[in-house]
Amino acid sequence: MKEQLLYALENHSKRTVKDLAAMFGTSEDVISEELTQMEKERIICGYHALINWDKTNTDKVTALIEVRVTPQRGEGFDKIARRIYMFEEVKSVYLMSGGFDLTVIIEGATMKEVALFVGQKLAPLESVLSTATHFVLKKYKDYGVIFEEERKDERMAVTP
Amino acid sequence: MMNRELNRIAANIPPSGIRKFFDIVTTMEDAISLGVGEPDFDTPWHIREEGIYSLERGRTFYTSNAGLVELRQEICKYLKRRFDLDYHYDTEIAVTVGGSEGIDATLRTILNPGDEVLVPEPSFVCYKPCVSLSGGIPVPIALKVENEFRLTRAEVEEHLTEKTKAIILSFPNNPTGAIMTREDLQAIADVAIEKDLIVISDEIYAELTYGEEHVSIATLAGMRERTIVVSGFSKAYAMTGWRIGYVVAPAHFIDVLKIIHQYAIMCSPTTSQYAALEAAKNGDKDIEEMKGAYDQRRRLMVEYLNNMGLECFEPQGAFYVFPSIQSTGLTSEEFATQLLKSKKVAVVPGTAFGESGEGFIRCSYAYSVDELKIALERIEEFVAEIKENKSK
């Protein structure tokens, strides 16, 4: 059930415990217990809303930065990764295979703000060899959700 | 107007009980419908994409009457993999225009005028008309809620005559959600063999069972030779509009069926056949995902309906629940009509699927959880209001 519960929550983190209990054919206590346990174990790390900020008046730019670094003896990439992900501006950090080492995703109010962060905080770090900044122009789909598409039930209302 | 008599059988078939509700619902603006008999998912993209690609490649020709060879091969592999059914792609399968054509063509293949066909009810709306149109006589068997709407040997025996030619099994069932286990089927197989009956097994919902795995009656000893299995892609892969079904049976049945299919239909739509090929090859995972979602909604529906006093047994297949509305004192049709008018929720009265559906309504859960919850809330209000009025 654990995994099924996670799949159910991954797409709808707002489901109530009552509904989840009905959907999984169990009691509310069992669901609550399961969720608390998974939160403790950091299997569930948070409950987020997926927002299309483009539709709001909030200025937000996202950049994907390819970072090449020198791994450190005994620490590998973890230490430098931590140095980077502790910055509040950094939304995601992934260790990559291939042509560069870390993908760093940064959000800022303006392009300038992001560029300054890269120039002043990220690039000067000792183990960072190079950075390449790519700005996101439009988000079509994020976390499995298509932003623009309007879903309409076009089925005939009653069919055998 | 020309005063010529039209086909007597067709002209005398009563209009579908579903049509009436459809007409009312379409005039309402914000009605919520639980009346739909098809998946709410779109066909998975990789399947749609194969259809698009086949059009881009200009594959707009006819295929062989029985369907693309590759598709027939792939369906046979699929049936072996999923249900342990063994059929030869060359001689024992025909691809049809949905399961519906499969049912019609099957009945036309086996029936002579006056042959009787046992039709357990409540069940899908096309069996009786198709039997009649083929010159046969449909003999309904009223299934009982105390048996969870499964067919029993005694019920078959009660309706047998020397003219009984065949029996239509449709499990997992629309509208009840009932299934038949191996033991249930064995009892029917025994009587079919004893009385030399043909079994038409409509297994369109075979992939949608919850808990028990689907068993095809054709896999029971002595049944392959007398069973015609009808199925298709509509429900398992959310491909209703593509209209691709198939019939598998021993060659002597399929030989005749292909003659009917060839002159009536020529072949199934080619674009759809290419899409179906992709589904049969690479769609097992899609089925599992959709089934998982249906299963959760199924439990939600059963829980909420039982809690509001509309008793329902646990359906183990398809995507319908079939709650009893007898506690409200209304007939199925009254319940459905009043619910639609006062709360703008459409359900289908059980009587649309045969007289034995009286006292029940069919609620489909091929909707998102959020939609289901709104509908359930409104049904609950409706039921509460009826009970209040009764106690006044």
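Residues numbered from 1 in each chain as written. Chains lettered and ligands numbered in written order. Predicted model: local features only at pLDDT ≥ 70, side-chain atom pairs only at ≥ 80, totals over all residues. Heavy atoms only, no water.

## Digging into the interface of chain A and chain B
Contacts between chain A and chain B engage 18 residues on the former and 31 residues on the latter. Of the roughly 2,000 Å² buried between chain A and chain B, counting both surfaces, carbon and sulfur atoms make up 54%. The largest share of the area that chain A buries against chain B comes from A:R155, A:V158 and A:P160, three residues that together contribute 36% of it. Remark: the boundary between chain A and chain B carries 2 salt bridges. Of the charged contacts in the structure, one is a salt bridge between B:D370 and A:R15, with a shortest N-O distance of 3.4 Å. Breaking the side of chain A that touches chain B down by element, the ones donating at least two residues are α1 (2-11) and α2 (17-23) of chain A. With 4 residues, the single largest contributor to the side of chain A that touches chain B is α2(A). Of the residues assigned to the side of chain A that touches chain B, the class counts are 8 nonpolar, 4 polar and 6 charged. (Contact = heavy atoms within 4.5 Å. Buried area = accessible area lost by both parts, 1.4 Å probe. Salt bridge = Lys/Arg side-chain N within 4 Å of Asp/Glu carboxyl O. Helix = DSSP H or I, 4+ residues; strand = E, 2+ residues; numbered from the N terminus. Nonpolar A, V, L, I, M, F, W, Y, C, P; charged D, E, K, R; others polar.)

## What to know about the sheet that holds strand β11 (residues 348-349) of chain B
All names here are of chain B. If you trace the 3 strands from one edge of the open sheet to the other, you get β9-β12-β11, paired in antiparallel fashion. Lying at the two open borders of the sheet, with one neighbouring strand each, are β9 (320-321) and β11. Of the strand pairs in this sheet, β11 and strand β12 (residues 361-364) are connected by 2 bridges, and their pairing is antiparallel. In the strand pairing of β12, V348 is matched with R362. (Pairing = 2+ DSSP bridges.)

## So, the domain arrangement of chain A
Each domain of chain A was delimited in the assignment, giving domain 1 (2-40) and domain 2 (53-139). Between the C-alpha centres of domain 1 of chain A and domain 2 of chain A there is a distance of 34 Å. (Domains from an automatic or database assignment.)

## Overview of the environment of A:H48
Residue and element names in this part refer to chain A. With respect to the helices, strands and loops of the structure, H48 is situated in the loop between α3 (28-40) and β1 (61-69). In this structure H48 comes out as exposed when scored by relative accessible area, which is 68%. Through-space distance from the C-alpha of H48 to that of S13 is 7.3 Å; in sequence the pair is 35 residues apart. (Buried < 20%, exposed > 50% of the residue type's maximum accessible area, 1.4 Å probe, protein only.)

## Structural notes on the confidence of the model for chain A
Of all residues in chain A, 100% have pLDDT values of 70 or greater, and the mean over the chain is 93. The element-level mean pLDDT for chain A is lowest in strand β6 (residues 145-146) of chain A, coming to 88, with strand β2 (residues 90-95) of chain A highest at 97. (pLDDT = per-residue confidence, 0-100.)

## Looking at the pattern of salt bridges
All names here are of chain B. Applying the stated criterion across every chain, the model contains 32 salt bridges over all chains. The shortest N-O distance in the salt bridge between E314 and R298 comes to 2.8 Å. Linking E314 in the loop between α11 (284-307) and β9 with R298 in helix α11, this pair joins segments that are 16 residues apart in sequence. Here E381 makes a salt bridge to K343, at a shortest N to O gap of 2.9 Å. One end of the pair, E381, is in helix α13 (residues 369-391); the other, K343, is in helix α12 (residues 332-343), and 38 residues separate them in sequence. Classification of K343 by relative accessible area gives buried; the value is 13%. Each member of the salt-bridge network shares a partner with another, and the members are R81, R82, E207, D284 and E288.

## So, the environment of B:M308
All names here are of chain B. With respect to the helices and strands, M308 occurs in the loop between α11 and β9. M308 gets classed as buried once you look at its relative accessible area, which sits at 8%. In this structure the C-alpha to C-alpha distance between M308 and R19, which are 289 residues apart in sequence, comes to 28 Å.

## Digging into the nonpolar core
Ranked by internal contacts, the top residues of the largest apolar core, which has 66 residues, are A:V158, B:L34, B:M301 and B:F335. Looking at this core element by element, the count peaks at 8 residues for α13(B). B:F83, B:A206, B:A218 and B:M239 belong to the second largest nonpolar core, which has 30 residues in total. (Core = buried A, V, L, I, M, F, W, Y, C linked by side-chain atoms within 4.5 Å.)

## Thoughts on the packing of aromatic side chains
In the structure shown here, the tally under the stated rule is 16 aromatic pairs over all chains. Their ring planes at 80 degrees and their centres at 5.4 Å tell us that B:F149 and B:F322 sit as a pair that is edge-to-face. On the criterion of sequence distance, the pair formed by B:F149 in the loop between β4 (137-142) and α7 (153-159) and B:F322 in the loop between β9 and α12 is long-range, its members being 173 residues apart. Classification of B:F322 by relative accessible area gives buried; the value is 2%. Between B:F233 and B:Y246, the aromatic rings sit 5.9 Å apart at their centres with planes inclined by 75 degrees, giving edge-to-face as the arrangement. Remark: B:Y246 occurs in strand β8 (residues 245-248) and B:F233 occurs in the loop between β7 (227-232) and β8; sequence separation between them is 13 residues. Judged by relative accessible area, which is 3%, B:F233 ranks as buried. Classification of B:Y246 as buried rests on a relative accessible area of 1%. Cluster of aromatic residues (ring-pair linked, three or more members): B:F41, B:Y205, B:Y294, B:F319 and B:Y320. A cation over an aromatic ring shows up here: A:K60 above the ring of A:W53, its NZ or CZ 4.6 Å from the ring centre. (Phe/Tyr/Trp six-rings, centres within 6.5 Å; stacked < 30°, edge-to-face > 60°. Lys NZ or Arg CZ within 6 Å of the ring centre and 35° of its normal.)

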